[in-house]
Amino acid sequence: MSYVYLFLATLAWSFVGVLVKTASTMVDSSIITLCRFFFGVVVLAIYLLMKDGRIQFRARMKWLWFGAAGKSANYVFENIALMIGYSYGNILVQPVQTVVLLISGSVLFKEKVTKAGWLSAALCVIGVIVVGWNGVPLNELLGSSGLTTLLFTLAGIGAAIHVLSQRMLVKTMDNGNMNFSVFLLATLMVSIPVPFQTHGFTGPITFGAWGALILLGIITGLSFFWFAEAMKRVPFAVVAIVGNSSVLFSILWAYIFFRDPITSYIIVGTLIFVAGFLLLNFSGPKKKPVKQESNAEAAL
């Protein structure tokens, strides 16, 4: 079931580019960011009240603030970049997040990754980078395209910080209240500059755009709950790499809904990514043997 949760979260994230593009026809990026968190908090609040009859908000744990700051940066930079680039542009977030997570998993959590596992990660990253490059000339890549690349890179770092916070917090908090606390703090963070930078409604008010904003919030509220559930049992390196599979769906949705061009670079990059994904399934990370604790150690 943990792998099902991981797949559902990844599938939900693949729709983000399309939904942000749709919402951007009505409001600017700061409103989109705020709505992603606000509606996410509402969804989680409803879930917690139905499940437990109460909500446990916490704000005194440092990893809650790290997670909120990381996710806020992720959404702020990602939304701006999506508005000025292709709807599948946020696939560039994944290779950055993957590198940060794999290194962190190895250093912080002492998870041993095989050579084949590192190779599969490298193939995933290379494949996504080729898709993001898409044959753009170097001068354009460093010019107009350079800004979106930088924004997506910063978004990837923020996303990785949030995932690391989930990994640390899931040991002491249940997923629902953990994500509720993080997203409520993030809502407060991103709401501070809104009155000073937003232009409000920048286009016609439509049901489609409002629906996109609400769906973005639902994805925020549920997908990270699923993701946190998966992290309880799925090896961290697998979690880091499988998240890249959203690129496959993101490209498909971009073509179906916006007819974004699918070039040979996108096809080749996708094939490289799939090769890395398949290699991961056959290799996988090595788990360190769990040391049996004595009764005295367990009591401590």
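A few points on the structure. Bear in mind the structure is a predicted one, so any value in this text is a computation, not a measurement. (Residues numbered from 1 in each chain as written. Predicted model: local features only at pLDDT ≥ 70, side-chain atom pairs only at ≥ 80, totals over all residues. Heavy atoms only, no water.)

A few points about the pattern of salt bridges
Just so we agree on the cut-off: A pair is scored as a salt bridge if a Lys or Arg side-chain nitrogen falls within 4 Å of a carboxyl oxygen belonging to Asp or Glu. Under the DSSP-based scheme used, a helix requires at least four consecutive residues in state H or I and a strand at least two consecutive residues in state E, with every element numbered from the N terminus. Each residue is placed in one exposure class: buried if its accessible area under a 1.4 Å probe, protein chains only, is under 20% of its type's maximum, exposed if it is over 50%, and partly exposed if it falls in between.
All chains considered together, the criterion is met by 2 salt bridges. Taking the shortest distance from any N to any O, the salt bridge between E78 and R36 comes out at 3.1 Å. One end of the pair, E78, is in helix α4 (residues 62-84); the other, R36, is in helix α3 (residues 29-51), and 42 residues separate them in sequence. The same class applies to E78 as to R36, namely buried.

What about a nonpolar patch on the surface?
This is how it is decided: Like-charged residues within 9 Å of one another, or nonpolar side chains (Val, Leu, Ile, Met, Phe, Trp, Tyr) within 5 Å, are grouped into patches, provided each residue has over 30% relative accessible area and no salt bridge. For accessible areas, the Shrake-Rupley method is used with a probe of radius 1.4 Å. Any residue's cover is judged against the shown protein chains and nothing else.
A grouping of L252, Y255, I256, F257, F258, I262, I267 and L271 is seen on the molecular surface, where their side chains present a nonpolar patch of about 750 Å² in accessible area. Within the fold, I256 resides in helix α13 (residues 246-258). For I256, a relative accessible area of 42% gives the class partly exposed.

So, the side chain of N177
Note the cut-off: Polar contacts here mean pairs of N or O atoms no more than 3.5 Å apart (in protein, one a potential hydrogen donor and the other a potential acceptor; neighbouring residues in sequence count only if both atoms are side-chain atoms). Whether two residues are in contact is decided by their heavy atoms: any pair within 4.5 Å suffices.
Inspection of the secondary structure assignment puts N177 in helix α9 (residues 175-191). A relative accessible area of 3% places N177 in the buried class. Within polar-contact distance, the side chain of N177 engages the side chain of D174 at 2.9 Å. When residues no more than four places from it in sequence are discounted, the contact partners of N177 are L48, D52, I55 and Q56.

Focus on the packing of aromatic side chains
Operational definition: Stacked, tilted and edge-to-face are the three classes assigned to paired rings of Phe, Tyr and Trp, where Trp is represented by its six-membered ring and a pair needs centres within 6.5 Å; plane angles under 30 degrees give stacked, over 60 edge-to-face, the rest tilted. Charge over a ring is defined by NZ of Lys or CZ of Arg lying within 6 Å of the ring centre and within 35 degrees of the ring normal.
Within the structure shown, the criterion is met by 7 aromatic pairs. When the ring of F7 is compared with that of F249, the centres are 6.0 Å apart and the planes differ by 70 degrees; the resulting orientation is edge-to-face. Of the two residues, F7 is situated in helix α1 (residues 2-14) and F249 in helix α13; the sequence distance between them amounts to 242 residues. Residue classification places F7 among the partly exposed positions, given a relative accessible area of 41%. A relative accessible area of 22% places F249 in the partly exposed class. An aromatic cluster is defined as three or more aromatic residues linked by ring pairs; in this entry it consists of F7, F15, F249 and W253. Over the ring of Y75 we find R36, and its NZ or CZ is 3.5 Å from the ring centre. The ring of Y255 has R259 sitting right over it, with the charged end atom 4.9 Å from the ring centre.

Topic: empty space enclosed by the protein
Operational definition: A cavity here means a set of points on a 1 Å grid, drawn over the protein atoms and nothing else, where a 1.4 Å probe fits but cannot get out; a pocket is an open set with protein on both sides within 12 Å along at least five of seven lines, and a residue lines either one if it has an atom within 4 Å of a point. Grid points are joined across faces, edges and corners, and a volume is the space filled by probe spheres set on the points. Charged residues are taken to be Asp, Glu, Lys and Arg, nonpolar residues to be Ala, Val, Leu, Ile, Met, Phe, Trp, Tyr, Cys and Pro, and polar residues to be all remaining types, Gly included.
For the coordinates displayed, the defined rule picks out 1 cavity of 30 Å³ or more. Put simply, the largest cavity is a space of about 240 Å³. Looking at the largest cavity, it is lined by 20 residues, and the ones nearest its centre are W13, K71, N74, E78 and Q94. Listed by contribution, the elements that provide at least two residues to the lining of the largest cavity are α4, α5 (93-107), α8 (144-169), α11 (207-231) and α13. In terms of residue count, the dominant contributor to the lining of the largest cavity is α4 (4 residues). Residue classes in the lining of the largest cavity are distributed as 10 nonpolar, 7 polar and 3 charged.

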